[in-house]
Amino acid sequence: AAAAAKATERLQELIRRVRETAPVPESKEVRTIEASIKQQEAEWKEVSPLHDKWQAGRHNFKSNADLQTFRRRYEDCKKGRETSGARLEKALCARRDEAASFAAAAADAAAKAGPGP
């Protein structure tokens, strides 16, 4: 009973320390991609309704150059939104693969060292 109480106490202490620990910041690449996604979402909220109006014939552009600029902006935003999820996932996986390979290398080194004294 005393051993179980002591084990419970250690687990409670471990849980408390885990909760108090600050999360590890993501890599610079991940933060950059997340900022890009926010920017694209803000631009999409501006561009998409205007595109829908134009498609429905309720909006006219002053010149063909304005139309072409708008269409290029719309397509760039659309393409960015479609590819940003995959880019973010790849960056997150790369960071975790790097950590996993480091952990695996440490485990291999510990196994090769053999049992402790």
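Our structure is the block above this text.
Calculation criteria
Residues numbered from 1 in each chain as written. Predicted model: local features only at pLDDT ≥ 70, side-chain atom pairs only at ≥ 80, totals over all residues. Heavy atoms only, no water. Helix = DSSP H or I, 4+ residues; strand = E, 2+ residues; numbered from the N terminus. Contact = heavy atoms within 4.5 Å. Salt bridge = Lys/Arg side-chain N within 4 Å of Asp/Glu carboxyl O. Buried < 20%, exposed > 50% of the residue type's maximum accessible area, 1.4 Å probe, protein only. Patch = residues over 30% accessible without salt bridge, like charges linked within 9 Å, V, L, I, M, F, W, Y side chains within 5 Å. Areas by Shrake-Rupley, 256 points an atom, 1.4 Å probe, with all protein chains shown as cover. Expected span 1.5 Å × (residues − 1). Bend = angle between axes of the 7 residues up to and from the residue. Phe/Tyr/Trp six-rings, centres within 6.5 Å; stacked < 30°, edge-to-face > 60°. Core = buried A, V, L, I, M, F, W, Y, C linked by side-chain atoms within 4.5 Å.

**Overview of the overall build of the protein chain**
Each helix and strand counted, the protein chain has 3 helices and 0 strands in total. Ordered by position from N to C terminus, the α and β elements of the protein chain give α-α-α. Within the protein chain, counting contacts between residues at least 6 apart in sequence, those at least 24 apart form 73% of the total.

**Concerning the pattern of salt bridges**
Applying the stated criterion to the full structure yields 5 salt bridges. Residue Arg16 pairs with Glu13 through a salt bridge whose shortest N-O separation is 2.4 Å. Here Arg16 and its partner Glu13 are both found in helix α1 (residues 2-20), 3 residues apart, which amounts to about one turn of the helix. A residue is classified by how much of its surface remains accessible, and Arg16, at 37% relative accessible area, is partly exposed.

**Some points on a nonpolar patch on the surface**
On the surface, Leu11, Leu14 and Val18 cluster together into a nonpolar patch covering about 290 Å² of accessible area. Considering the arrangement of structural elements, one finds Leu14 in helix α1. Classification of Leu14 by relative accessible area gives partly exposed; the value is 45%.

**Comments concerning helix α2 (residues 28-56)**
With 29 residues, α2 should reach 42 Å at 1.5 Å per residue; the first-to-last C-alpha distance of 41 Å fits that figure. Largest kink in α2: about 30°, centred on Trp44. Here α2 has its buried residues at Val30, Ile33, Ser36, Gln40, Trp44, Val47, Ser48 and His51. Phi for Gly57, located one or two positions after α2, is positive at around 85°.

**Things to note about the packing of aromatic side chains**
Inspection of every chain in the model, using the stated rule, returns 2 aromatic pairs. Ring geometry for Phe61 against Phe70: centres 5.1 Å apart, planes inclined by 35°, an arrangement best described as tilted. A relative accessible area of 21% means that Phe61 is categorised as partly exposed.

**Details of the nonpolar core**
Grouped together as the largest cluster of nonpolar side chains are 5 residues: Trp44, Val47, Phe70, Tyr74 and Cys77. Counting only elements with at least two residues in this core, the list comes to α2 and α3 (64-113). Broken down by element, the residue count for this core peaks at 3 residues, all from α3. Excluding residues that lie within four positions of it along the chain, Phe70 makes contacts with Val47, Leu50, His51 and Phe61.

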